[in-house]
Amino acid sequence: MRHHLILRVVSKLLIPFILLYALYVQFHGDFGPGGGFQAGVIFAAAFVLYALIYGVETARKAFPARWLAILVPLGVLIYGGTGIASLLLGGTYLDYDVLAATPTGGQHLGILVVEFGVGVTVTAVMIAIFFAYAGRTDDIQDDDW
Amino acid sequence: MGSGLVNVAVDISLMTLLAVTAIGIIRSRNLFATAMLSGIYSLISAALFVTLDAVDVAFTEAAVGAGISTVLMLGAMTLTRRSEKHAVKLHIGPVLVCLAVGAALIYGTVDMPPFGSTEAAGFKHIVPEYIAGSRDDIQVPNIVTSILASYRGFDTLGETAVIFTAGIGVWFLIGRRRREDEADEEAQKTSGDEA
């Protein structure tokens, strides 16, 4: 899409805001609608938009496959690790009450960490699946449509 | 009362658009049009979820259904043909099964409690506990989050594991092959050069 000037400029302007909005959805999920799943998909959508406009190879440079191999399991580990942490602190698995000084504080912390884990895995998996499909063909030319 | 009428009008028009889009998806033989129409279908569904006050679900539907999966479908489409083969002719048996199941579902809705009723069986069991607990024990204003992450933490851990599994499944099935192909080609090229 080399000659789509408007698309390139507008998406370049929008992508930082999409990423920022994903972070807002991620960390504001206990107050407003949202959470790890939605935030992860929005975060990944920003990268997909980038890949659509600037090509998959450029996007691969911005988000190397090496990171994906780390981030995909990392989110699940963060989630499971929160459960282990609550076990070690004397609670039951995924009982957040023991994570902080007060039970409410522990719940807030636990929810925040767990949602972060979900967000990391969802982002990485969505990008990995997109790269897997998009990487199978050469870049789509405009006249292909 | 006026806002109630507006709600009904909005619901009816969204449902009509949904049905029109669905018929469009069924009738279209062009896969590009089908992918785009299913994105529109997701977007209309998202609007419907908003009118049902299920903003979280609407969020997911808009981001996953209308956003990512449309792109994935287009990506998959480039690997295959651009238009569907000619439709097989109408089989009377499956049509009858569809009509019977549809009629049974509509018959089932007759017994359902009125929409939004707090007397519904689903709201009697454990929901009051969750609502009170979210307010007092967890103090999270968005009950959806407190249920998903705290009360139903095991379920959400399972869901995350499902997404994880889907990701590594796709990755190992089709994600890595291309680079190996390229490596094979390189290897063949160099061995060919040597020969």
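Residues numbered from 1 in each chain as written. Chains lettered and ligands numbered in written order. Predicted model: local features only at pLDDT ≥ 70, side-chain atom pairs only at ≥ 80, totals over all residues. Heavy atoms only, no water.

Draft legend 1. Summary view of the overall build of chain A. Across its full length, chain A holds five helices and zero strands. Helices (α) and strands (β) of chain A occur, in sequence order from the N terminus, as α-α-α-α-α. Looking at chain A residue by residue over its 145 residues, the buried ones come to 47%. Nonlocal contacts in chain A, meaning residues at least 24 apart in sequence, comprise 58% of its contacts between residues at least 6 apart. Surface summary for chain A: the accessible area is close to 7100 Å², and the carbon and sulfur share equals 70%. Positive and negative charge centroids in chain A, built from 7 and 10 side chains respectively, lie 14 Å apart. (Helix = DSSP H or I, 4+ residues; strand = E, 2+ residues; numbered from the N terminus. Buried < 20%, exposed > 50% of the residue type's maximum accessible area, 1.4 Å probe, protein only. Contact = heavy atoms within 4.5 Å. Areas by Shrake-Rupley, 256 points an atom, 1.4 Å probe, with all protein chains shown as cover. Lys, Arg positive; Asp, Glu negative; His and termini not counted. Charge placed at Lys NZ, Arg CZ, Asp CG, Glu CD.)

Draft legend 2. Focus on the interface of chain A and chain B. Of the residues lining the interface, 50 residues belong to chain A; the matching set on chain B comes to 44 residues. Between chain A and chain B the total buried area reaches about 4300 Å² when both faces are included, carbon and sulfur atoms providing 75% of it. Applying the counting rule to chain A against chain B returns zero salt bridges. Listing elements by their share of the side of chain A that touches chain B, those giving two or more residues are helix 1 (5-27), helix 2 (36-54), helix 4 (65-88) and helix 5 (103-134) of chain A. The leading source of residues in the side of chain A that touches chain B is helix 5 of chain A, at 15 residues. Its residues placed into classes, the side of chain A that touches chain B shows 33 nonpolar, eleven polar and six charged. (Buried area = accessible area lost by both parts, 1.4 Å probe. Salt bridge = Lys/Arg side-chain N within 4 Å of Asp/Glu carboxyl O. Nonpolar A, V, L, I, M, F, W, Y, C, P; charged D, E, K, R; others polar.)

Draft legend 3. Looking closely at a nonpolar patch on the surface. Residues and elements named next belong to chain A. On the surface, a nonpolar cluster with roughly 580 Å² of combined accessible area is contributed by Phe17, Leu20, Leu23, Phe27, Leu112 and Phe116. Within the residue set of the nonpolar patch, elements represented by two or more residues are helix 1 and helix 5. Looking at the nonpolar patch element by element, the count peaks at four residues for helix 1. Relative to the helices and strands, leucine 23 resides in helix 1. Assessed through its relative accessible area of 39%, leucine 23 is described here as partly exposed. (Patch = residues over 30% accessible without salt bridge, like charges linked within 9 Å, V, L, I, M, F, W, Y side chains within 5 Å.)

Draft legend 4. Seen up close, the confidence of the model for chain B. All names here are of chain B. Looking at chain B as a whole, its pLDDT mean stands at 83, while 88% of the residues score no less than 70. Confidence, read as mean pLDDT per element, is least for helix 9 (residues 177-194) in chain B (54) and greatest for helix 4 (residues 92-110) (93). Here the prediction assigns the complex a pTM of 0.81, and the interface score ipTM is 0.86. (pLDDT = per-residue confidence, 0-100.)

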